[in-house]
Amino acid sequence: MERKTTVISSEQLRQQQEFCGRIRRRWEEAGILPTAFVDTYGCQQNEADSERIRGMLEQCGYTMQDGEEGADVIVINTCAVREHAEQRVLGNVGALVHTKRRHPGQKIFLCGCMMGEPAVAEKIRKSYVHVDGVFSTHHLWEFPSLLYRVLDTGKRVFATEDEAGSIAEGLPVVRSSAFKAWVSIMYGCNNFCTYCIVPYVRGRERSRRPEDVIAEVKELVESGCRDITLLGQNVNSYGKDLQCGVDFADLLAELAQLPGDFLLRFMTSHPKDATKKLFDTMAQYPKIARHIHLPFQAGNDRVLKEMNRRYTAAQYLELVDYARSVMPDIVLTSDVIVGFPGETDAEFEDTLNLVERVRYDALFTFIYSPRTGTPAAEMPDPATRQEKLARFDRLCAAQNRISEEKHREYVGKTVRVLVDGVDDGVLTARTGGNRLVRLENGTEDLIGQYADATITGANTWSLMGKL
Ligand code: SF4
């Protein structure tokens, strides 16, 4: 079946704005200042989507609040990646029955990846009757009309049909930071790694037009944004569906030439689509952070094949070597799954060896957990939980040692950091390579500014520094 991306027209978006106006007027006429709460689970893509949902809610007249108690609208943006996280979401949604009882006019919406799973949407329809509306990621742009229908008719709405996916430009947005921003450059994924549910719930890859991405980044930089992360499930395949001759490296190069003092980041990169051209581009432009998150997932070729990753350990290592040859200071981070179905002790040793060989700055380690609806969930999995835990502990111990050793190499150096917040009364900052620096001095008025920090100490998780 051919699947075609739906590009949402400006007329369709204008109609949504009309719904925002109608909702706003309803509240004004009632003399009520309505409030909303948006709760986000999962990845940065969901965070970016929630910023859009908040933008639409503000246009509808809602003020954002923290927590669900007393909110006129609650939106829960869900994540489907891990099954036990889904159970947690459903538990929390169930508990909202009581919240709604205390505030009967409250409207509850569920959206995000979980709502792209037909079985979940059906379960909500049948068993969670206090939920007023459900929409999948493809229908995010029409949230105002869905909300209006619920308010106007009191009836529940479900917008979850499986579509090829949509791209809507120009949705309103309320960003959670004035100096850091997420910019989605593409949506969906074509890869069907056997453990992953994403392609089933977020649809096929579809790229935003380069001119739209450039305009958004330009506007962000002009408004003072310092740190911009380009998002996509697989940014390295950006542009393949556009047939306009622009690939991800070209897009990065264009963005890196915009005037202003800022840094570009991106995630996530699939190794099978990462190119030497990408690393050459990163090396060429100082406005591209020297950091790549390049998930390898396993160090054994049989396991990689079972995962449908479509690269070998040798090809992966070749990429890493090339990246380091053009950027010796590049920060490398990755994801790894321990205990994939059928992984043997010997195959796990290959993963450990790869970690020792690459020496990542940080690693996100996961014990495989089956995801219903994916091929891996049907694969025989003879290893016990204890065996997997033992492998996991060995991997974490190795990586913790490496992270600490790599962090110690910073001590005595002066690095440029972006001061980004306060944690436990301590000012925090990030290096270009996204390493966390806890600052010994400095004041909160520096938040959002670049500064030079001399690194005075290090541990596995962070650096200590002095301005
Ligand atoms: Fe999932 Fe693989 Fe696509 Fe990543 S590349 S989103 S793991 S299918």
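Scroll up a little and you will see the structure.
Residues numbered from 1 in each chain as written. Predicted model: local features only at pLDDT ≥ 70, side-chain atom pairs only at ≥ 80, totals over all residues. Heavy atoms only, no water.

Caption draft 1: Expanded view of the overall build of the protein chain. When its secondary structure is counted, the protein chain shows 13 helices and 21 strands. A globule of 467 residues ought to have a C-alpha radius of gyration of about 23 Å, and the protein chain, at 23 Å, matches this closely. Overall, the C-alpha framework of the protein chain stretches about 65 × 55 × 45 Å when taken along its three principal axes. Out of the 467 residues in the protein chain, the part that is buried amounts to 54%. A fraction of 76% describes how many contacts in the protein chain between residues 6 or more apart in sequence connect residues 24 or more apart. Carbon together with sulfur atoms contributes 51% to the accessible area of the protein chain, which is approximately 20,200 Å² in total. If the 58 positive side-chain charges of the protein chain are averaged to one point and the 66 negative ones to another, these points end up 2 Å apart. (Helix = DSSP H or I, 4+ residues; strand = E, 2+ residues; numbered from the N terminus. Rg over C-alpha atoms; globule rule 2.2 N^0.38 Å. Buried < 20%, exposed > 50% of the residue type's maximum accessible area, 1.4 Å probe, protein only. Contact = heavy atoms within 4.5 Å. Areas by Shrake-Rupley, 256 points an atom, 1.4 Å probe, with all protein chains shown as cover. Lys, Arg positive; Asp, Glu negative; His and termini not counted. Charge placed at Lys NZ, Arg CZ, Asp CG, Glu CD.)

Caption draft 2: Spotlight on the pairing of strand β2 (residues 35-40). Summarising burial for β2: five of the six residues are buried, a large majority. Direction of pairing for β2 relative to strand β3 (residues 63-64): parallel, over a ladder of two bridges. Within β3, the position partnered with Thr 35 by the bridge is Thr 63. This β-α-β element, β2 to helix α2 (residues 44-59) to β3, shows right-handed connectivity. (Pairing = 2+ DSSP bridges. Right-handed = clockwise from strand over helix to strand, strands pointing away.)

Caption draft 3: The site of the ligand, seen in detail. By nearness alone, every residue bordering the ligand is listed as Cys 189, Asn 191, Phe 192, Cys 193, Tyr 195, Cys 196, Val 198, Pro 199, Gln 233, His 270 and Arg 309. Residue classes in the shell around the ligand are distributed as seven nonpolar, three polar and one charged. (Near = heavy atom within 4 Å. Nonpolar A, V, L, I, M, F, W, Y, C, P; charged D, E, K, R; others polar.)

Caption draft 4: Focus on the pattern of salt bridges. By the definition in use, this model includes 38 salt bridges. Arg 371 is the partner of Glu 117 in a salt bridge, and the nearest nitrogen-oxygen pair spans 2.9 Å. Of this pair, Glu 117 sits in the loop between β5 (107-112) and α4 (118-127) while Arg 371 sits in the loop between β16 (362-367) and α13 (385-408), and the two are 254 residues apart along the sequence. We classify Arg 371 as buried; its relative accessible area is 2%. In this structure, the salt-bridge partner of Arg 357 is Asp 321, at a minimum N-O distance of 3.0 Å. Here Arg 357 is found in helix α12 (residues 345-358), whereas its partner Asp 321 is found in helix α11 (residues 313-326), with 36 residues between them in sequence. By relative accessible area, which is 35% here, Asp 321 ends up partly exposed. In this structure, a network of salt bridges that share partners links the residues Glu 51, Arg 52, Glu 169, Arg 175, Arg 208 and Glu 216. (Salt bridge = Lys/Arg side-chain N within 4 Å of Asp/Glu carboxyl O.)

Caption draft 5: A look at the sheet that holds strand β21 (residues 463-466). What the five strands build is a closed barrel, ordered β17-β18-β19-β21-β20; its pairing is mixed. Along the sheet, successive strands turn relative to each other by an average axial angle of 55 degrees, direction set aside. (Axes fitted to C-alpha atoms, helices over the stretch in contact; angles between N-to-C directions.)

Caption draft 6: Spotlight on the packing of helix α1 (residues 10-30) against helix α5 (residues 143-153). Running from N to C, α1 and α5 cross one another at 40 degrees; their axes reach a closest spacing of 8 Å. Between α1 and α5 lies a crossing whose hand is left-handed. Facing Gln 16, Phe 19, Cys 20, Arg 22, Ile 23, Arg 26 and Trp 27 of α1, the residues of α5 in contact are Phe 143, Pro 144, Ser 145, Leu 147, Tyr 148, Leu 151 and Asp 152. Looking at the contact of α1 with α5 residue by residue, the class counts come to nine nonpolar, two polar and three charged. (Left-handed = near helix turned anticlockwise from the far one by under 90°.)

Caption draft 7: Fine view of unusual backbone geometry. With omega at 5 degrees, the peptide bond leading from Met 267 into Thr 268 counts as cis. Within the secondary structure, Thr 268 is located in the loop between β13 (263-267) and α9 (276-284). At Gln 297, a position not held by glycine, the phi torsion is positive, near 70 degrees. Within the secondary structure, Gln 297 is located in the loop between β14 (291-293) and α10 (301-306).

Caption draft 8: Quick look at α2. With 16 residues, α2 should cover 22 Å at 1.5 Å per step; its first-to-last C-alpha distance of 23 Å lies within 8% of that length. Within α2, 12 of the 16 residues are buried, leaving the element largely enclosed by the surrounding structure. Restricting attention to buried positions, one finds in α2 the residues Gln 45, Asn 46, Ala 48, Asp 49, Ser 50, Glu 51, Arg 52, Ile 53, Arg 54, Gly 55, Met 56 and Leu 57. Two residues or fewer after α2 comes Gly 61, characterised by a positive phi angle close to 100 degrees. (Expected span 1.5 Å × (residues − 1).)

Caption draft 9: Focus on the side chain of Ser 145. Tracing the backbone shows Ser 145 in helix α5. Aside from chain neighbours lying at most four places away, what touches Ser 145 is Gln 16 and Phe 19.

Caption draft 10: Representation of the sheet that holds β16. Reading across from one edge, β14-β15-β16 is the order of the three strands in this open sheet, with parallel pairing throughout. The open sheet has two edge strands, β14 and β16, and neither has a second partner. Pairwise comparison of adjacent strand axes, ignoring direction, gives a mean angle of 10 degrees for this sheet.

Caption draft 11: The arrangement of the packing of aromatic side chains in detail. This structure, assessed with the given rule, holds 12 aromatic pairs. Aromatic pair Phe 248 and Phe 266: ring centres 5.1 Å apart, planes at 75 degrees, arrangement edge-to-face. Of this pair, Phe 248 sits in helix α8 (residues 248-256) while Phe 266 sits in strand β13, and the two are 18 residues apart along the sequence. Assessed through its relative accessible area of 2%, Phe 248 is described here as buried. Looking at Phe 266, the relative accessible area reads 5%, which means it is buried. Measuring from centroid to centroid gives 5.8 Å for Phe 296 and Tyr 316, while their planes differ by 50 degrees, and the two rings are tilted. Taken together, the positions of Phe 296 in the loop between β14 and α10 and Tyr 316 in helix α11 put the pair 20 residues apart, joining distant regions of the chain. The two residues Phe 296 and Tyr 316 agree in class, both being buried. An aromatic cluster of three or more residues is present, and its members are Phe 296, Tyr 311, Tyr 316 and Tyr 360. We note Arg 22 situated over the ring of Tyr 148; from NZ or CZ to the ring centre the distance is 5.3 Å. Directly above the ring of Tyr 450 sits Arg 416, whose terminal nitrogen or CZ lies 3.9 Å from the centroid. (Phe/Tyr/Trp six-rings, centres within 6.5 Å; stacked < 30°, edge-to-face > 60°. Lys NZ or Arg CZ within 6 Å of the ring centre and 35° of its normal.)

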